[in-house]
Amino acid sequence: SANQILITNGDGLFKRAIPLPAKEPVYTDLTVSKDGAIFVATGASARIYVARPGSKSFSLLTKDLSRYMSFGSHIVLDKSEKNIVVVDQHGDGLAILDINGIYRGRKLTRGWRDSYVHFPAQICFGKREALILADRNNNRVQIFNTAR
């Protein structure tokens with residue numbers, strides 16, 4: 001079935017499967033912590049689910065976050081793994097949650113100048129404190145220093 005996350009070993013051999021919650025229409029991305037927790041983002045329903053190491057199912061980490069973001073398209077953990085960063089693609093910014101799913105705020109604003117975004121797509125963390133963001137409608141990649 002396509003509605004599950006497959007877990008493999010280092011050689012790519014199947015270990016187990018974790019079914020995704022059936023009530024969600026769209027899953028947009030996932031990220032995995034160093035300890036093996038799997039965090040899954042939904043699109044317009046604006047929820048995050050988690051399967052902790054050894055879990056046989058996902059549980060709801062956040063309630064509906066739609067008042068804080070429009071469409072969660074990409075999800076990563078920061079380098080400390082204390083925060084979840086969700087790209088709000090339609091809301092032109094980033095939603096920040098703590099590792100327990102508590103909303104902590106937003107970063108970035110819609111625009112066309114440096115340090116503004118328009119339809120952000122994906123992010124990752126680079127060396128040191130760099131957050132690298134693909135800024136789709138501005139046709140660029142921007143790098144932000146998160147140490148400040």
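Residues numbered from 1 in each chain as written. Predicted model: local features only at pLDDT ≥ 70, side-chain atom pairs only at ≥ 80, totals over all residues. Heavy atoms only, no water.

**A short note on the pattern of salt bridges**
This is how the line gets drawn: We define a salt bridge as a contact between a side-chain nitrogen of Lys or Arg and a carboxyl oxygen of Asp or Glu at a distance within 4 Å. Counting from the N terminus, the helices are the DSSP runs of H or I reaching at least four residues and the strands are the DSSP runs of E reaching at least two.
Using the criterion set out here, one finds six salt bridges in the structure. Among the salt bridges present, the one from D98 reaches R104, with a minimum N-O distance of 2.9 Å. Between D114 and R140 there is a salt bridge, with the nearest N and O atoms lying 3.7 Å from each other. Taken together, the residues D114 in the loop between β10 (103–107) and β11 (120–125) and R140 in strand β13 (residues 140–145) connect sequence positions 26 residues apart. The structure contains a network of salt bridges with shared partners spanning D114, D135 and R140.

**Notes on the sheet that holds strand β6 (residues 59–60)**
Pairing between the strands of a sheet comes from backbone hydrogen bonds, and it takes one of two forms, parallel or antiparallel. Just so we agree on the cut-off: When DSSP finds two or more bridges between two strands, those strands count as paired.
In space, the four strands of this open sheet follow the order β3-β4-β5-β6, with antiparallel pairing throughout. The sheet terminates laterally at β3 (27–32) and β6, the two strands that pair on one side only. In this structure, strand β5 (residues 48–51) lies alongside β6, joined through two bridges in antiparallel fashion. Each bridged residue has a counterpart across the sheet, and for Y49 the counterpart in β6 is L60.

**Some words on the pairing of β11**
In regular strands, side chains alternate between the two faces of the sheet. One ladder, built from four bridges, connects β11 with strand β12 (residues 130–135); its direction is antiparallel. For I123, the partnering residue across the bridge sits in β12 and is L133. The hairpin formed by β11 and β12 contains four residues between the paired strands, and R128 there has a positive phi angle of roughly 55 degrees.

**Points about the pairing of β5**
Going by this rule: In this scheme, a residue with accessible area under 20% of its type's maximum is buried, one over 50% is exposed, and one in between is partly exposed, where area comes from a 1.4 Å probe on protein chains only.
Of the two faces of β5, the one carrying I48 and V50 and the one carrying Y49 and A51 are both buried. Of the pairings in the sheet, the one linking strand β4 (residues 38–42) to β5 comprises four bridges and is antiparallel in character. Paired with F39 across the bridge in β5 is V50. Taking the residues between adjacent antiparallel strands as the criterion, β4 and β5 are bridged by five residues, where A46 takes a positive phi near 55 degrees.

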